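Working through the structure, step by step
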Amino acid sequence: MTSSIEHKQQQIEATLRLAPVIPVVVIDDARAAVPMARALVAGGIRAIEITLRTPAALEAVRAIATEVEGATVGVGTVLTTGDLATALQAGARFAVSPGVSPRLLDAADDCDLPLLPGAATASEAMSLLERGYRHLKFFPAVPAGGHKLLGAWAGPLPQLRFCPTGGISLATASDFLALPNVICIGGSWLTPAAKLVTGDWAGIELLAREAAALQVT
Ligand code: 3PG
């Protein structure tokens, strides 16, 4: 039997609480996956989102899931119902989507992989709440209205907790993390393409350490 939405919400909550920041990774070479993930974990970052935007993504998920102790690996940029099944098979423990479609939500109900669905408006957030989602990605966080918009939802939508992602940096992270309805944030700045290409694992560990030290209120 498939896990209930409530059970999957508890799993997502536990993942989002692992660290203040979830790195959003675009990986071109799966061989970089394991050393990158080890560097992130060494720096205190334990949930890692590998976006399904490159052919190397699923192999990277597989490698991290089997080889990196302390890492909770998930997939991002989930767009189709098939993405959920392949991600689960590869060893992903959570999935993130930039938005939702009715078909994707139906597939998520029938799949054991917990989904963090994206919302950019109060109406989208309310529709997801109706389907049992209390944890949402706020995307694209800065272009959609930033911390002021998200903070304004805390009053009328107190049941919801968000992982804002899109346009956030170390310098602006605290604006979001200070909000009562933010559980953690997502960002790509922890794993810059240049560091992945050159194998600068010490540099990635340092970025992870800075992010892990951010205060969540
Ligand atoms: C994405 O989907 O690329 C994420 O939202 C990351 O956004 P960022 O590159 O602005 O951190």
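Further up the page is the structure itself.
The structure displayed is predicted, hence computed values, not measured ones.

1. Side note on the environment of Pro 156
Mapped onto the fold, Pro 156 is located in the loop between α8 (146-153) and β8 (161-164). Residue classification places Pro 156 among the exposed residues on the basis of a relative accessible area of 59%. In this structure the C-alpha to C-alpha distance between Pro 156 and Ala 122, which are 34 residues apart in sequence, comes to 9.3 Å.

2. Details of the sheet that holds strand β6 (residues 118-119)
Spatially, the three strands line up as an open sheet ordered β6-β7-β8, and their pairing is parallel. At either margin of the open sheet sits one strand with a lone partner, and together these are β6 and β8. Examined bridge by bridge, β6 and strand β7 (residues 135-138) share two bridges and lie parallel to one another. When the sheet's bridge partners are listed, Ala 119 is paired in β7 with Phe 138.

3. Some points on empty space enclosed by the protein
In total, this model carries one cavity of 30 Å³ or more according to the counting rule given. In this structure, the largest cavity spans a volume of roughly 40 Å³. For the largest cavity, the full set of lining residues is Ile 5, Lys 8, Gln 9, Ala 108, Leu 113, Pro 114, Leu 115 and Tyr 133. In terms of residues, the lining of the largest cavity owes the most to one element, helix α1 (residues 5-16), which gives three residues. In terms of residue class, the lining of the largest cavity is built from six nonpolar, one polar and one charged.

What counts and what doesn't
Residues numbered from 1 in each chain as written. Predicted model: local features only at pLDDT ≥ 70, side-chain atom pairs only at ≥ 80, totals over all residues. Heavy atoms only, no water. Helix = DSSP H or I, 4+ residues; strand = E, 2+ residues; numbered from the N terminus. Buried < 20%, exposed > 50% of the residue type's maximum accessible area, 1.4 Å probe, protein only. Pairing = 2+ DSSP bridges. 1 Å grid on protein atoms, 1.4 Å probe; cavity = no way out; pocket = protein on both sides within 12 Å on 5 of 7 lines; lining within 4 Å. Points joined across faces, edges and corners; volume = space filled by probe spheres on them. Nonpolar A, V, L, I, M, F, W, Y, C, P; charged D, E, K, R; others polar.

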